Amino acid sequence: MTVQFHGFEISGRLRKKRRYISACIFAVLIALLFPFGFTSYAATETQVVKVGFPIQAGNSYIDENGNYCGYLVDYLNQLDMFTHWDIQFVQVDGDLDTQLSTLMYMLMDGEIDIMGTMNRNIQLEGLFLYPNYSYGTTYTTLAVLDDDLRWIEEDYSHWDNIRVATYPGYEGRTQEFEYFAHANNFSYTLVECASYDDMVSAVMNGRADALIQVDISLEDNFRIIGRFSPTPYYFALTKGNTALLQQLDTAMRSLNNSQPNLQMELYNLHFRHKGSFQISQEHRDYIRSLGTLKVLFFDGNAPYQYVKDGQLEGFAVEYWKNFADQTGLQYETVIADTYQDAFTLVENGEVDLVAGAATNSTLSSLDNIHFSLPYYNSFSVTACSNQKPHEHSKDLPFMTNTEAALNEIRHTHDYAAQLDYYSLSFYLRKKDVYDGVIVDWSNIKNFSYAFGITNNIPGNFESILNQYISSVSEETMQTMLYRYSGETVEYTPGEWIIANRVLIICTFAVFITLMGAMGILLRNRRLKYQNLLAENRLLQLSMYDAMTGAYNEPQFLKLFNVCCGNREDLVLVALNIHGFKYINGTYGTKRADEVLCAVKDILESETRDGEFFCRPSADLFYLALREKNVDLLLSRTNQIFSKIIKAGTAILEGHPLSLYSGAVFVGSSPSPYNCSANINYMMTALAQAKQVNSSEVYIFNQPLHQTVQLRYYIETHMHSALEQKEYLLYLQPKMNLQTGQIDGAEALVRWKPADREMIYPGQFISFFEEKGFCAQLDLYMIDKVCETLRSWIDAGIPPIAISVNQTRSLFMREDYVDRLLEITNRHRISPQYIVLEILEGLVFKNIDAVNKTIQKLNQAGFHVSMDDFGCGYSSLNTLGKLDLDELKLDRTFLMDVVNDPAGPQAEVMASVFTLAKKLGIKTVAEGVETKACEDIIRTMPCDYGQGYFYGKPMPAEDFLQKFFASMKKE
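Residues numbered from 1 in each chain as written. Predicted model: local features only at pLDDT ≥ 70, side-chain atom pairs only at ≥ 80, totals over all residues. Heavy atoms only, no water.

As recorded in an unreviewed UniProt entry, the protein goes by the name EAL domain-containing protein, listed as coming from Anaerotignum lactatifermentans.

What follows is the structure, given as structure tokens:
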């Protein structure tokens, strides 16, 4: 038996991968900033949980200080917020293959509780328990040798005719690569190899250019140029340890809700690294052909770009020089003082590239310039004179020459400018020179530095530059920036006099000494004022959303908690925008942010005394309104939404804005005045509004509450119900219209929990499909059918053919037929009595693959039926391409004919039966509810009828008693 772990096989090879060593502080920040949003899962006693710890680079390893490290450790540390387990890592000796094999058998024997980095399939689910959630993702990748400079990461336009090594064991991954190549429009040639080692050798000796590989198992001396086909991996638990499984499920769900980006952050931390910048000879020749470029920098923008002792220095200058050195680019610098100067130089074609261009500058309005990827993200604040602070526009233009702007502020009492924060901090270090400048923290704006590339530069220069930007690590950039930020500030003679004026004056007279003391007093007052400003900024950040100025979620919850404590009747309303990701991608983040700010302004103008709102995230807003009944709420929200839609549509230049919303009346909810419960009810109503596409506020009600409770019950009990055999086999008879005998049936499932009433398929099947649980249930039902048939045979009753519905995920598995034969052989039932029903939607998505599976089933003795034919994708032409044994017409066919016997639908139905008979396919008419229905199908070449006229679905025991009781052995 071979059990696959992500990136490894028990019988496979050990592969190494590189890693980053860093610390994850996200959970600490969340705990500090959002103290109201989480539920404590602390137990009264600490539970010891043993976790397998194979030594795998990046995933689970021990550092030079003897500490446990890796993706697994960091994830479990975050999970500890909700479990408080005492984790004990268990190690074993041997190479990686031996470790994995030993730990897997220890897991099966219960010597350890949990094993990570596990695949999930039918075979493994028979051995272990799995939670409902994965905790990580791997990718299939295309990798080349480190020193092969012909292939640039994600530069698909230059990948044509790439030779890709593969071998038979990679058939699935090869198909994924072929789809990836087709989607990105590059050609390739597959180099077939005998084994994995042969595949590596093919690239090493030049028979192939690249190989297909798993990202977390990358070979040494290889680098990734493309990622595709993400695959999740899971924790596996000892079979039968359902209590621990429920704890893990609950904790993972809470962790996913509180830190939705955690898996991506840990993946980037441990498995994604900045590769060295690679440039091909073709690109070097292209760079050389450009000649000498004129590159524009700005003065007075330290630590990014500034002139010192007649030389241009700064972070942006060094960043550009490093790029030029690595590519052989020749350039000469042009220095400008302001964006207006740069604007003129670019328009006149006097420069080819702007090296330190801010994305919020006026340069973005020029038609003959476009920006590279950002190479550094920053933010700007408003600086102004302390003589008239905060009396300025919120839409001040960004000034790149920070030094010149500060001097203007010094000499003009009503002047204000929007400046880079780090540059502003650099110049404010000049003692006493800029004491007259204060910072307005209420007008923070995010922006980035990028390279502005003019149309003077032909070819794919931007692509090469973007590749370099993507290769520079955050650590490298921070090191450069900190070095220039720590440079000693230089004073002009006039500034030196200002900075040292107290000392100069004190040396000449006692009077000046007294004036100096007064200056110190003023300075202390000024420091107190600055401290007050800093405190105000911290208060602002702790209470308000930085982008819109609305309350943030913690402040909203604080106010709401007070209202609940006072038992105030409020209505919670959640408001969301349909397709906001599309708006972001189509109109840009700036325009999308304008929409959100407009929503905030409208909500602010529409809220009354005692009402409040917040923006917790993205395009989501919470409102607390004081409305007494549903009619008043709907009238008011419709008026508010109308204003938002009108304003948003205007901002998006005619693109219609669409909203959906959910609400709950706090005083009459299932948990009155409970803060967290009512937030959950509101979000449940919001989700329901999106699902039903409601144009009005969807009010949380008792039926929805019951639906939520039922869904939670299903989610937490569906696996244990399978173990407890709570899923019951029901049979519905099929009438042979030629013999007039019941000689077939359809198997249907019912769920009868021990602690509640019957749950019907319509209540749980769609959820099972969403969670991928239908495959297990289908195999269980086949097992129950075979068990029933065996009991009949042992009782002397001739078996009949019973059809069982099959889900797509199970039907398309490679081991599907083997699993079925294992069940039938175990019960000693001939496969001819098992009819496997598939939906037409499965068939028409991949006819060739479906036919291949049908042929295997037929060879094994099974029969295949297409269920619900005519309800969606029906094509008579396609029937001839399928090797079906049986065709079941959807009940709507018969209903239409009953309602209009002389109508065209009767001809269509008869034609389908006739065509099926010519193709050798048996037919079943569903929905035979009355004698009139049976009379209709008896006039047509139909083989079987099924419906309430012959019998409702009933337990297998009742079915036997009703139709075959006389055949039992005496």
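*Asks:* Describe in detail the overall build of the protein, supporting the description with residues and values.
*Replies:* A tally of helices and strands in the protein yields 34 helices and 36 strands. Judged by the C-alpha coordinates and their principal axes, the protein covers about 130 × 80 × 65 Å. For the protein, buried positions account for 49% of its 970 residues. Long-range contacts, defined as pairs at least 24 residues apart, comprise 73% of the intrachain contacts of the protein with a sequence gap of at least 6. Carbon and sulfur atoms make up 50% of the accessible area of the protein, which totals about 45500 Å². (Helix = DSSP H or I, 4+ residues; strand = E, 2+ residues; numbered from the N terminus. Buried < 20%, exposed > 50% of the residue type's maximum accessible area, 1.4 Å probe, protein only. Contact = heavy atoms within 4.5 Å. Areas by Shrake-Rupley, 256 points an atom, 1.4 Å probe, with all protein chains shown as cover.)

*Asks:* I'd like a rundown of helix 2 (residues 71-83), residues and numbers included.
*Replies:* Taking 1.5 Å per residue as the helical rise, helix 2 with its 13 residues ought to reach 18 Å, and the 18 Å between its terminal C-alpha atoms agrees with that figure. Most of helix 2 sits out of view: 10 of its 13 residues are buried. Taken together, the buried positions of helix 2 are occupied by Tyr 71, Leu 72, Val 73, Asp 74, Tyr 75, Leu 76, Gln 78, Leu 79, Phe 82 and Thr 83. (Expected span 1.5 Å × (residues − 1).)

*Asks:* Account for the packing of helix 22 (residues 675-692) against helix 23 (residues 702-723), with residues named and values stated.
*Replies:* It is at 11 Å that the axes of helix 22 and helix 23 come closest, and there the two elements cross at 95 degrees. By the angle between their directions, the pair helix 22 and helix 23 is classed as roughly perpendicular. Only Leu 704, His 705 and Val 708 of helix 23 make contact with helix 22, whose side of the interface consists of Tyr 681, Thr 684, Ala 685 and Gln 688. (Axes fitted to C-alpha atoms, helices over the stretch in contact; angles between N-to-C directions. Parallel < 35°, antiparallel > 145°, perpendicular 65-115°, else oblique.)

*Asks:* Let's hear about the side chain of Asn 466: which residues, and what values?
*Replies:* By the element assignment, Asn 466 lies in helix 14 (residues 461-471). With near-sequence residues (within four places) excluded, Asn 466 lies in contact with Ser 372 and Leu 373.

*Asks:* So what about the packing of aromatic side chains? Which residues, and what values?
*Replies:* This model, assessed by the stated rule, comprises 69 aromatic pairs. With 5.0 Å between their ring centres and 85 degrees between their planes, Tyr 156 and Trp 159 make a pair best called edge-to-face. Here Phe 323 and Phe 461 contribute two aromatic rings whose centre-to-centre distance is 6.1 Å and whose plane-to-plane angle is 90 degrees, an arrangement assigned as edge-to-face. One end of the pair, Phe 323, is in helix 10 (residues 315-327); the other, Phe 461, is in helix 14, with 138 residues separating them in the sequence. When sorted by exposure, Phe 323 lands in the same class as Phe 461, which is buried. A cation over a ring is seen here: Arg 173 above Tyr 170, with NZ or CZ 5.7 Å from the ring centre. Sitting above the plane of the Tyr 944 ring, Lys 734 keeps its charged end 5.8 Å from the centroid. (Phe/Tyr/Trp six-rings, centres within 6.5 Å; stacked < 30°, edge-to-face > 60°. Lys NZ or Arg CZ within 6 Å of the ring centre and 35° of its normal.)

*Asks:* Can you break down unusual backbone geometry residue by residue, with the values?
*Replies:* For the peptide bond that leads from Ala 302 to Pro 303, omega is 5 degrees, which places it in the cis range. Looking at the secondary structure, you find Pro 303 in the loop between strand 14 (292-298) and strand 15 (306-308).

*Asks:* Give a detailed account of a nonpolar patch on the surface, specifying residues and quantitative values.
*Replies:* Together, Phe 511, Met 515, Met 518 and Leu 522 line one region of the surface with nonpolar side chains, adding up to about 410 Å² of accessible area. For Leu 522, the location among the structural elements is in helix 18 (residues 510-543). (Patch = residues over 30% accessible without salt bridge, like charges linked within 9 Å, V, L, I, M, F, W, Y side chains within 5 Å. Salt bridge = Lys/Arg side-chain N within 4 Å of Asp/Glu carboxyl O.)

*Asks:* Explain the nonpolar core residue by residue, including any values.
*Replies:* Membership of the largest hydrophobic core comes to 84 residues, with the highest contact counts inside it found for Tyr 727, Trp 751, Phe 768 and Met 909. For this core, the element with the highest residue contribution is helix 25 (residues 774-794), accounting for 11 residues. Sequence-distant contacts of Met 909, defined by excluding residues within four places in its chain, comprise Leu 889, Phe 893, Leu 894, Val 897, Ala 925, Ile 937 and Met 940. Val 351, Leu 465, Met 477 and Tyr 484 belong to the second-largest nonpolar core, a separate cluster that totals 72 residues. (Core = buried A, V, L, I, M, F, W, Y, C linked by side-chain atoms within 4.5 Å.)

*Asks:* Which residues make up the UniProt feature "domain: GGDEF" (unreviewed entry) in the protein, and what values do they have?
*Replies:* Using the residue numbers shown here, the UniProt feature "domain: GGDEF" (unreviewed entry) corresponds to residues 568-702. Across residues 568-702 one finds 50% helix and 21% strand; the C-alpha atoms that close the span lie 21 Å apart. (UniProt positions renumbered as here; feature names shortened; annotations may be inferred.)

*Asks:* Let's hear about the sheet that holds strand 26 (residues 659-665): which residues, and what values?
*Replies:* With respect to topology, 5 strands assemble into an open sheet ordered 24-25-23-26-27, the strand pairing being mixed. In this open sheet, the two strands that pair with only one neighbour each are strand 24 (612-617) and strand 27 (698-699). Where strand 24 meets strand 25 (residues 620-625), 4 bridges bridge the pair, whose relative direction is antiparallel. Looking at the pairing, Ser 617 lines up with Leu 620 of strand 25. Of the strands in this sheet, strand 23 (571-577), strand 24 and strand 25 touch helix 19 (residues 553-565), which is tilted by about 140 degrees from strand 24. (Pairing = 2+ DSSP bridges.)

*Asks:* Tell me about the pairing of strand 23, and please be specific about residues and values.
*Replies:* Counting buried positions along strand 23 yields 7 of 7 residues, so the element is predominantly enclosed. Taking every second residue as pointing to the same face, both faces of strand 23 are buried, with Val 571, Val 573, Leu 575 and Ile 577 on one and Leu 572, Ala 574 and Asn 576 on the other. As paired elements, strand 23 and strand 26 share 7 bridges and run antiparallel to each other. Bridge pairing links Ala 574 to Gly 662 in strand 26.

*Asks:* Mind laying out the pattern of salt bridges, listing which residues take part and the relevant values?
*Replies:* Tallied over the entire structure, the rule returns 30 salt bridges. Between Arg 207 and Asp 198 there is a salt bridge, with the nearest N and O atoms lying 3.0 Å from each other. Notably, a salt bridge pairs Lys 888 with Glu 837, separated by 2.8 Å at the nearest N-O pair. Here the residue Lys 888 occupies a position in strand 33 (residues 886-889), and Glu 837 occupies one in strand 31 (residues 834-839), the gap between them amounting to 51 residues. Here the residues in one salt-bridge network are Asp 148, Arg 150, Arg 163 and Asp 209, joined through shared partners.

*Asks:* Go over the environment of Val 144, please, and point to the residues and values.
*Replies:* Checked against the element boundaries, Val 144 lands in strand 9 (residues 136-145). Separated by 75 residues in sequence, Val 144 and Glu 219 place their C-alpha atoms 9.9 Å apart.

*Asks:* Quick rundown of helix 6 (residues 196-204)? Include the residues and the values.
*Replies:* Listing the buried residues of helix 6 in full gives Tyr 196, Met 199, Val 200, Ala 202 and Val 203. Seen from one end, helix 6 has its buried residues packed into an arc of 155 degrees, which puts them on one side. On the buried face of helix 6, the contacting elements are strand 9, strand 10 (162-166), strand 12 (210-214) and strand 13 (222-238). One or two steps after helix 6, the chain reaches Gly 206, where phi turns positive at roughly 90 degrees. (Arc of directions from axis to C-beta.)

*Asks:* Give a detailed account of the state of the cysteines, specifying residues and quantitative values.
*Replies:* Linking two cysteines covalently via their sulfur atoms produces the bond known as a disulfide. The final tally for this structure, using the stated rule, is 0 disulfides. Cysteine Cys 563 is unpaired, with the sulfur of Cys 564 as its nearest cysteine sulfur at 7.0 Å. Looking at Cys 563, the relative accessible area reads 6%, which means it is buried. (Disulfide = S-S within 2.5 Å.)

*Asks:* Help me get a handle on the confidence of the model for the protein, residues and values and all.
*Replies:* In the predicted model, the protein carries a mean pLDDT of 86, and the fraction of residues at 70 or more is 91%. With pLDDT under 50 throughout, residues 1-44 is counted as low confidence; its partners more than four residues away or in other chains account for 108 contacts. (pLDDT = per-residue confidence, 0-100.)

*Asks:* So what's going on with the environment of Cys 563? Residues and values would help.
*Replies:* Relative to the elements of secondary structure, Cys 563 occurs in helix 19. Taking the C-alpha atoms as reference, Cys 563 lies 38 Å from Leu 244; in sequence the two are 319 residues apart. Setting aside residues up to four positions removed in sequence, Cys 563 forms contacts with Glu 568, Leu 570, Phe 612 and Arg 626.

*Asks:* Residues and numbers for the side chain of Glu 726, please.
*Replies:* Along the chain, the position of Glu 726 falls in the loop between helix 23 and strand 28 (727-736). In this structure, Glu 726 is buried with no salt-bridge partner, the nearest side chain bearing the opposite charge being Lys 752 at 8.3 Å. Of the polar contacts made by the side chain of Glu 726, one reaches the side chain of Trp 751; its length is 2.9 Å. (Lys, Arg positive; Asp, Glu negative; His and termini not counted. Polar contact = N/O pair within 3.5 Å; in protein donor to acceptor, adjacent residues only side chain to side chain.)

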